[in-house]
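Inside the fold
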Amino acid sequence: MLKISILKVENPSCLWGRVVSGDTETTEQYDSLMVQMNLFYHDVTQDLRKLKPTSLEEGQMCVVYWSVMKSWCRAVVESVIMDSVSCKARCVLIDHGERLVVPSDQIRVATEKFLQLPFWVRRFHLAGIKPTTLRVSVFEEKAELTPSTQWDSSKQITFISFLILNFKICVNDDLVAKKFAYYSRESAENSGMDEVDRCPVMLSSNILTQTVSAISNTPAAQTQPAPAGDWLMAPSPPQSQHHELETGEGGGRSDVTGELTPGSQSKKSSDPVVPSDPRRSGILVHSVVPVEPCTSLDDAPVTDVLRWMLRKKQYSALSPADCYSWPAVARGLNTIIVSHNADQPLSYLAPLLTHILLNSIFSSLTSSSGPIAVLLCPGWEKVQSVYDLLEESKLAHTLHPVIVLLGAGADGAKTVRIPKNCLLLVTTPFSLVRLLSCHCFMFLRLYHLVLDGADQLFTLAPDQMVTILQHFQKVTSSEDKASCPQQLVAVAKRWTSHMEGLLTTHMPYPCIVMTVPEEAALYGNVHQIILMTLESSKISELLGTLDFNPVVGQKTLIIASSVQEVEDVFKAVSNKSAFCLRAHEESTHQLDFVTQQWRKDIGPGTHVILVTTNECLKCFGIRDATCVVHYSFPTSPKVFGSRLFCMAERFRNLSERDQTNSCRHDARSVMLISERNARHVVGVLRYLGRTDATLPPELLSFGQGVHVAREDQKTNKPLCSYLKSFGVCRDSSACPDRHRFNSQLDQSELPASGVIEVVPLFIKTASVFYGRIVRKQDSGFDVLASEMASYYADKKPGATEMLEGGLYAVQEDDVFHRVKILSVPVRGDCLFFRVLVRFVDVGKEEEVKSHQILQLPEQFHSLPGQAVEIIVCRVKPVDAEIDWHPKVTRAISQKIRGLQHRARAVHSLGNTVFVDPMVRVTQVPGMKTVINEYNVQSEILSTGMGVSNPEHMDLLRALSQEGGASDGKEAGDISG
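This section reports on the structure supplied with the text. Here the structure is a predicted model, which is why all the values come from computation and not from measurement.

Brief notes about the sheet that holds strand β5 (residues 87-93)
Within the open sheet, the five strands sit side by side as β6-β5-β4-β3-β7. Their pairing is antiparallel. One side of each edge strand has no neighbouring strand; the edge strands of this open sheet are β6 (98-103) and β7 (107-108). Pairing between β5 and β6: six bridges, direction antiparallel. Across the sheet, the residue bridging to L93 is E98, located in β6. Here helix α1 (residues 24-42) sits on the sheet in contact with β3 (61-66), β4 (71-82) and β7, set at roughly 70 degrees to β4.

What follows is the structure in structure tokens.
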């Protein structure tokens, strides 16, 4: 037997109600659903073109705006009303039982996450009875009861009165007894009724156990929103009193208007999000020349060949940065792009190549030769990846791209020959400066300069970038180039101060596209204020930062983390401010009111303050705030950026040459940091360090303590490979490895001084090898290799079972190696698979085929692994490169692999020995004289891709002393 709460009565055949289960969890689920829907559909950053339905039809699930309750509700379309001016839909609210007519601009697509719960309101009707009506015959002068197709008003009033009365009653029997209805035992099409149908049938008392009681007496038509505590309740028309009603077999039957299939009405689209106002989605576009964004790859300003290549590379969905920057780049505008996908060359190559192909080639001066475009990358790896994309674009036959990577040698640039038909040069700032020093006349028709990773370029090579930009400006500013295209494109993931000078000095009439809000705040010159406070004193500290009597009108946002925090801050601020607003998840019906109040014009001396949460903040679309107060700490850069972007209209605009009116761009960000914000301090310090903010000493000290604590958590991690190879880590803030010495892990039995003999077997990089230390009178490994060769000469038993950590054997050419299995994949039904192993006597790790794994007898397990790591000191890659160029590693490998070398050990850590120098020694036949064939360090430096690193060992020793690492042992008595 169901117990239902009647919300609305249309007639005895249409009762709207909810099944009462007594489960508060169910009510909380629907309350949460309503809150989330209101936050989602009020969110101004959403793309309305994706949320508005493309068509309306009967039975369609949707979400509509109910103006009475100022709330978005789930609904089903009953009918569509169209005229020459507008389109409307008659809908039933499936969680409230109300019918209303909604204009099409207030109808949204119901997303899948809001279709998980079934309809909260169902339609019921009294089963087994049908209405009667009194038919009067004028000719026969008599009246009789006859079946009817609808319930008249008298019967509806009687039915409602039954519900109001506080006693037990069977409504079906009472309606029949009062001759308002009759029992129907046949189909609805049969309009006849006999005497039996007119007689009431008394039901057993066990059915009449329901309690009909009035729950509320809500007034008729509500025109004001309900109180915050019960804003989800539907307004009640005169006859829609709320009651509880239990239904049994004779009492009524549930007629559900529609069962919800989760996800059945959801609509997915892969179209890109291109809002009409980019700032609504957190995109900053500053451009003197209006830029019309593209919406998809189909209408993107690229050639068909490039469009085909992009689809082949699965780059069919354009990012927001692409939508706004591609039209600017394709038109030849000077463009700066700051986005998360700036490290992808495809994000700028397609429109750039289109402009070069369709414009620059035909406009270029034929009297001079050399490239018309130079693409600068921060390192050789990026240079190679860009060049590979150019080769795949099928435009190489037109552009003839060329890579130039020059080392530090004095004569390298002089020998470079760039083909005359080369139109596009890909290189690094260091290499280009070396080229300009010898071949500056080869770059007289340079029209396009592209800075890939501009933030890194200015950080790694500031002096070289100054030289390049001066040459570019000199070439493009000559009178004979006035009619030629001139373009500078800078792509970066972060904004830096160098880029401000780039904009103001070298990029007239630029287009600036930034899709990273926190970076846009740096560009916009937001003034950061940091306040350290105890959690218990935050409100008083907050009140001290607010100016309640400003000379110039101000709009301040205070962002809290919870409903209770909003209420506490609002109470404190409203006592001092004449105009203070609040909004949180329990008052979403007031979002429209708050938005209207915020958007009103303010005059001098007025200070509008809004206290809200992160979730509600997205519903207002605020971009004109003068100050943002972070009462609750931003938990991520994304949250921090979205808050700062609320002041986007106050950001300075560097596309405007006249900055005299910069006073109106005074935007402030006030951050309250308490003891609860420990785990986020390091990330915030990293960001604030890029601003002009004055950082409190206690914050710096606290951040240093957090950094030390994070390093303490890495005690079991391996020592950073960059720290060992070069003395410094490439990025200690992001590196997952250890940067402090651990006396247990770094204790070494390897020689730390003296002369040793080494045989490099696996060349990892140009300065890091794995191999064996050759010891005099120690032939253990030679004996092992000989015995293994003899054993496997007769038979080669395959491994019957492969276990991680187990020792096995693998044959390479004619040599058998011991290997340790690092990981075994899940085989499933696969007959052939690969296994990741480490060659314990060589040092390399690689995947081998499973059938190559051989069983290793126990007698070959006793000898420890012979491979040690050998690092050649005092050399590092040239031009601030992070890794060695492959050609250097390849040259060193071909020269030293498998050959015995003499080296002087200078330090040892764990299984690593540091040597300086390392030379190849050859003994003259028949004499005791030896000849040094080459020095490995000198060979590296001679390639031009390496430079001296004199601080290497000093840095390592300093870290060793801090950690108390052992200095190893003397090697003089074990050298060969």
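Considering the packing of helix α11 (residues 429-439) against helix α13 (residues 462-476)
Running from N to C, α11 and α13 cross one another at 55 degrees; their axes reach a closest spacing of 9 Å. As the angle between them shows, α11 and α13 are arranged oblique. Regarding α11 and α13, the two cross each other, and that crossing is left-handed. On α13, the residues touching P429, F430, L432, V433 and L436 of α11 are Q464, M465, T467, I468 and H471. Residue composition of the contact of α11 with α13, by class: seven nonpolar, three polar and no charged.

Let's talk about the sheet that holds strand β25 (residues 580-582)
Sheets are built from strands that pair by backbone hydrogen bonding, the pairs being arranged parallel or antiparallel. One open sheet holds the six strands; their spatial order is β23-β28-β27-β24-β26-β25, and the pairing between them is parallel. In this open sheet, the two edge strands, each paired with only one partner strand, are β23 (527-532) and β25. Put simply, the sheet's adjacent strands are angled 15 degrees from each other on average, direction ignored. Direction of pairing for strand β27 (residues 627-630) relative to strand β28 (residues 668-673): parallel, over a ladder of four bridges. Note on β28: the bridge partner recorded for C627 is R668. In the packing of helix α16 (residues 538-545) onto the sheet, contacts are made with β23, β24 (554-560), β27 and β28, and the angle to β28 comes to roughly 160 degrees. Where helix α18 (residues 591-598) meets the sheet, its contacts fall on β24, β25 and β26 (607-613), and the angle it forms with β25 comes to roughly 150 degrees.

Conventions and cut-offs
- Residues numbered from 1 in each chain as written.
- Predicted model: local features only at pLDDT ≥ 70, side-chain atom pairs only at ≥ 80, totals over all residues.
- Heavy atoms only, no water.
- Pairing = 2+ DSSP bridges.
- Helix = DSSP H or I, 4+ residues; strand = E, 2+ residues; numbered from the N terminus.
- Contact = heavy atoms within 4.5 Å.
- Axes fitted to C-alpha atoms, helices over the stretch in contact; angles between N-to-C directions.
- Parallel < 35°, antiparallel > 145°, perpendicular 65-115°, else oblique.
- Left-handed = near helix turned anticlockwise from the far one by under 90°.
- Nonpolar A, V, L, I, M, F, W, Y, C, P; charged D, E, K, R; others polar.

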